[in-house]
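# Secondary and tertiary structure notes
Chain by chain, the residues run as shown.
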Amino acid sequence: AQLKMSAVFLLLLVATSSIGAALEKGLPRREARRLSCVRCCGPSEQPISIISSRYTRMSSDPAFSVPKVQPTIDITILKGEKGEMGEKGYPGAVGKEGERGLRGFNGRKGQKGQPGPQGHSCKQLYAAFSVGRRKPLHSSDYFQQVIFDTEFVNLYKHFNMFSGKFFCYVPGIYYFSLNVHTWNFKETYLHLMKNEKEVAILYAQPSDRSIMQSQSLMLDLQEGEEVWVRMFKRERENAIYSEESDVYIIFNGHLIKPAVE
């Protein structure tokens, strides 16, 4: 029985050798690949997985290397629209005060201002003026203010000769009168004004001879109101006459009764 077992083992050994030789002759022989060393883990490290170890060996072999791809991006395509302006920031710190500059040139002297109201309440209040004009005047504009050049009476300077207006400092009842000389063959049309509204009209039709024309009225004035004269031009030529030697245009006014006595 032992001899039979030995014979069977020898036959199997011979058959296995024959099959291995036949396979070596039939298949192409591959060169032995050198395996790269893989670092083993230390006592305090985690073991490396089989897949990671295999990837390390394959990546070191040129036959398994993967080409690197570097994409190119066009920045101009990705550029967006201009954004909105942000909120205004806080102002910065105040800088140091600069040196004081040189003194400038003196300006021109201004016109004389209007006098102030009556100073003492115990004094009796008065207001009166009488002014005239020595030069003739033609109305060149639709409305033209009449300026006077001669001062007869101007109590406390309540009448402004520069503007041609009476300024009411003492409220109350006032009496006003306007006297003019007409011009031959020319119309005479004037307004007696209270602030910016006409309250009376002085009118004379064109004639072959000149005449004196007048208008008068009383007004209840409040402090700060103004009374003045203006010419009103229509289709015809409007004018008033006067001479340097004589005064033909006169504007008068005075206080009759103050509002508070």
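As annotated in an unreviewed UniProt entry, the protein is Complement C1q tumor necrosis factor-related protein 1 from Anas platyrhynchos. The UniProt entry for the protein carries the following comment under Subcellular location (unreviewed entry): "Secreted".

### Notes on the sheet that holds strand β7 (residues 172-181)
One open sheet accounts for five strands, arranged β4-β1-β13-β7-β10; its pairing is antiparallel. On the outer flanks of this sheet lie β4 (150-154) and β10 (212-221), each paired with one strand and no other. Between one strand axis and the next, the sheet turns by 10 degrees as a mean value, whatever way the strands run. As paired strands, β7 and strand β13 (residues 249-258) are joined by eight bridges and run antiparallel to one another. For Ser177, the partnering residue across the bridge sits in β13 and is Asn252.

### What about the pairing of strand β11 (residues 226-232)?
For β11, the tally of buried residues reaches six of seven residues, placing the bulk of the element in the interior. The pairing of strand β3 (residues 143-145) with β11 spans three bridges and is antiparallel. Bridge assignment links Gln145 to a residue of β11, and that residue is Arg230. Here strand β6 (residues 165-167) runs beside β11; their pairing, made up of two bridges, is antiparallel. When the bridges of β11 are listed, Phe167 appears paired with Glu226. Sheet topology places strand β8 (residues 188-194) next to β11; five bridges connect them, and they run antiparallel. Bridging from a neighbouring strand, Leu190 pairs with Met231 of β11.

What counts and what doesn't
- Residues numbered from 1 in each chain as written.
- Predicted model: local features only at pLDDT ≥ 70, side-chain atom pairs only at ≥ 80, totals over all residues.
- Heavy atoms only, no water.
- UniProt positions renumbered as here; feature names shortened; annotations may be inferred.
- Pairing = 2+ DSSP bridges.
- Helix = DSSP H or I, 4+ residues; strand = E, 2+ residues; numbered from the N terminus.
- Axes fitted to C-alpha atoms, helices over the stretch in contact; angles between N-to-C directions.
- Buried < 20%, exposed > 50% of the residue type's maximum accessible area, 1.4 Å probe, protein only.

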